[in-house]
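Survey of secondary and tertiary structure
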Amino acid sequence: MKNIAIAAAMLSCLAAESTLLAETWNKKTKVTFSQPFQIPAAHTTAGVITLGPGSYIFRLADSNSNRHIVQVTNERGDKVYSTILAIADYRLNATSKTVMYFSERKAGSPTALKSWFYPGDNFGQRFVYPKVAATAIAVATNSPIPSYTPPPQPTAEPVETIRYVEVPVYIQTPAKTEIVYAPAAAAKTDATDTAGEDGEAVKAAAPAAAAEPKAKLPKTASSIYTMSLMGMLLLGASLLVRRVSTQLS
């Protein structure tokens, strides 16, 4: 009976470790907002949706080929509000909390979410808005906004099943012109961004470091390292359980 209890305890620890690894892989985190905010939404005519104050889950989509697809859900994770296209973003100093950067906007208007950084990471996700939304936000905020033209998608397809293909990224300017994406184009306005840490008030923040120029959405590595680590943990747990079982016998 003792052997069973020990084995069960080991499996519980291993399950907790596996959950932690999974959340590190998809960057799943709960973020609480005190004011309304906007996020890209390719499935809407306006290219954007406004979410009210409350808690939301941000996570990377389960894709080995593209690590720049972000899903925003309710706190329980059973309702997907939007599946967002993103590009790499960087900051000089990592923090222990989730950080969101916002575009400056007139008082009383929902702020457009610009980028998301997972706790402890210097690299994050800079959101790319559909062209129609990017143009409107660029004019409203007097700043350049990364944009793309969403590929045709079946209107009946659920938001959570939408999969993006690699598309060119551009910048919509306040003058309503379109230029090829380059991080330098947004460097000046990045310096005036506001940032909010989950659980704290929104406050002025230092500018994020510029990302390397990319004309298209990047594709990144697979999960082989995570799978290898989990395999080693399983092997170590098995050996430990066997040793303890032998000693008790």
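The following refers to the structure shown. (Residues numbered from 1 in each chain as written. Predicted model: local features only at pLDDT ≥ 70, side-chain atom pairs only at ≥ 80, totals over all residues. Heavy atoms only, no water.)

Attention now goes to the pattern of salt bridges. As enumerated under the stated definition, the model contains five salt bridges in all. Residue R76 is joined to D78 by a salt bridge in which the shortest nitrogen-to-oxygen separation is 3.6 Å. For D78, a relative accessible area of 51% gives the class exposed. Among the ionic pairs, D89 bridges to R126, the shortest N-O distance being 3.7 Å. Linking D89 in strand β6 (residues 80-90) with R126 in strand β9 (residues 123-127), this pair joins segments that are 37 residues apart in sequence. Note on R126: relative accessible area 6%, which makes it buried. (Salt bridge = Lys/Arg side-chain N within 4 Å of Asp/Glu carboxyl O. Buried < 20%, exposed > 50% of the residue type's maximum accessible area, 1.4 Å probe, protein only. Helix = DSSP H or I, 4+ residues; strand = E, 2+ residues; numbered from the N terminus.)

Looking now at helix α2 (residues 131-141). Turning to α2, its buried residues number three or more, namely A133, A134, I137, A138 and T141. All buried residues of α2 project into a common sector of 135° when viewed along the axis, lining one side. Along its buried surface, α2 packs onto β3 (48-51), β8 (111-117), β10 (129-130), β11 (145-148) and β12 (170-172). N142 sits one or two positions beyond α2 and adopts a positive phi of about 55°. (Arc of directions from axis to C-beta. Contact = heavy atoms within 4.5 Å.)

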